[in-house]
Amino acid sequence: MLPKQKTILILANFSAGLYDFRGELIKRLNNEYHVICAVPDETKAKELRELGCELVITPINRRGMNPLEDLKLVREYRRTLKKTKPDLVLTFTIKPNVYGGYACRKLRIPYLSVVTGLGSTFRGKKLVKWLIIKLQRCGLKKSACLFFENAEDMKIFDKYRIKGKKSRLVSGAGVNLSNFRMEPYPQTEEFVFLYVGRIMKEKGIEEFLKAAEVLHNEKTHFKVLGFCEEDYQSALDKLEVRGVIEQLGFSPNVKEYYKQASAIILPSYHEGMSNVLLEASATGRPIIASDIPGCREAFDEGQTGFGFEKGDSDGLIKAIRKFIAIPLSERALMGRKAREKMGKEFDREKVVLAFLEEVKTNL
C-alpha cells in the first residue's frame, strides 16, 4: 500500500502575487505533495489550479487594522486548518504570518513564515507599534523557519526580539531568468522612464510625478504602469492632459513595457525585495531606485543603476539627470551588467531550492 501523500497549505494575501512570484515553488511542491492555497481572491485562481493545487478562498483586508475583521481571519484560518489537516503550512506576508502562524501554533501544526517586507509596520504611533510587535512575536515564535528577503528586516526583527526557531536569508522571491530574458537595449536618444507598481504614496508616486514635471520634454517621457491603490487618479489625469506623463493602466504583461524603457524608476519608501527591480534588471534595464533595504541589494551604484534618498524628489531628479548624461553605449552596458547581476545573485531556482530544503526538513 502506498504511503499517504502529505499536504502542504499555503496562506497568502493575494492570488496574483502568489502565482507570479511563487508559482515555480508551488509547481515543484506539487510534484511530491498535495498543495492547497488559501487566498482572498480569484484573480489568478485558474493559473494556480493549473499548477495542480487546490484553492480555498479566505477573505483578508490586506491593509486595514480592524480587530473584529482580524479576529474573523483567525477563526477562518483555524477552520481551514482543521478542514484541510495539513502536515506543514507556509505563510507569506504580514497577516497570514501573524494570524495564520498563531492558528498553527494553537493547533500544533508546523509552519514556515516568509517576511516579504515590513511596510509601515514599525513606523506607526507608539501604541500601534507596540501592539504590532506583540502580535508578530505571538504569531512567529513557533515558526520552524523564518525567511527574510533582506538583511535589514532580519536585524529589525532581532532588535525587537521577534524570532522563530530558525532564521534564513534568501534573495527575495528571486527572478525567473527564463521568463524574463535579456532584451536588446533601445537604440534611441529619447528616454522612457517607467514606474511600475501600485500607485500609492509609500511606493514614491509623488516623487516620480514631481520629477516628471521638472524633466519631461519632447525627448524625455515618463510612463506609469499600475493601478491606483490610493486616490491619485485625478492628479494623474491632469498631468496626462498636460503631457507630463502617460498612463499605461494595469497589465499582466509587464515584459513588453520593460523592453521599451530606458530605465525603471522605483522611489519606494520600503520593500522586502523589489520584484519590479529584479525583473527589469533581468530584462537588461538599468534602474533608478530609493537607497533602501529591498532596493539597494538589486543594483550596484553607478554600474547597473543609481540610488537616491527615499522621499527626496530633488535627489531623484539629480539621479535621472545623471543617467541622461550617460552615452547610449554606456546605458546599454549598464543593462547588460544588470542582467549578469541577476544571474549571479537572484536566480529564482536558488530561492526555490532553499524553500524545498526547509520543507523536507520539517515534514
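Residues numbered from 1 in each chain as written. Predicted model: local features only at pLDDT ≥ 70, side-chain atom pairs only at ≥ 80, totals over all residues. Heavy atoms only, no water.

1. Some thoughts on the nonpolar core
Now for step 1: Counting 32 residues, the largest nonpolar core has Phe193, Phe222, Ile245, Ile288, Ile320 and Phe323 as its most contacted members.
Now for step 2: Sorting the residues of this core by element identifies strand 8 (191–196), helix 7 (205–215), strand 9 (220–225), helix 8 (233–241), strand 11 (263–266), strand 13 (305–308), helix 11 (313–324) and helix 12 (328–345) as the ones contributing at least two each.
Now for step 3: At six residues, the largest contribution of residues to this core is made by helix 7.
Now for step 4: Grouped together as the second largest cluster of nonpolar side chains are 31 residues, Leu18, Leu90, Val351 and Phe355 included. (Core = buried A, V, L, I, M, F, W, Y, C linked by side-chain atoms within 4.5 Å. Buried < 20%, exposed > 50% of the residue type's maximum accessible area, 1.4 Å probe, protein only. Helix = DSSP H or I, 4+ residues; strand = E, 2+ residues; numbered from the N terminus.)

2. Brief notes about the sheet that holds strand 8
Now for step 1: A sheet is described by the order of its strands in space; here six strands give the open sequence 10-9-8-11-12-13, paired in parallel fashion. Bordering the open sheet on either side are strand 10 (246–249) and strand 13, each of which pairs with just one other strand. Each adjacent strand pair in this sheet contributes to an overall mean axis angle of 25 degrees, direction not counted.
Now for step 2: By the bridge criterion, four bridges tie strand 12 (residues 287–290) to strand 13 in an arrangement that is parallel. From the neighbouring strand, serine 290 faces strand 13, where its bridge partner is phenylalanine 308.
Now for step 3: Packed onto the sheet, helix 7 meets strand 8, strand 9 and strand 11 and runs at close to 155 degrees relative to strand 9. (Pairing = 2+ DSSP bridges. Axes fitted to C-alpha atoms, helices over the stretch in contact; angles between N-to-C directions. Contact = heavy atoms within 4.5 Å.)

3. Topic: the environment of alanine 103
Now for step 1: Looking at where alanine 103 falls in the secondary structure, it is placed in helix 4 (residues 94–107).
Now for step 2: Owing to a relative accessible area of 0%, alanine 103 belongs among the buried residues under this scheme.
Now for step 3: Look past the residues within four positions of alanine 103 in its chain and what remains in contact with it is Val74, Tyr77, Arg78 and Leu81.

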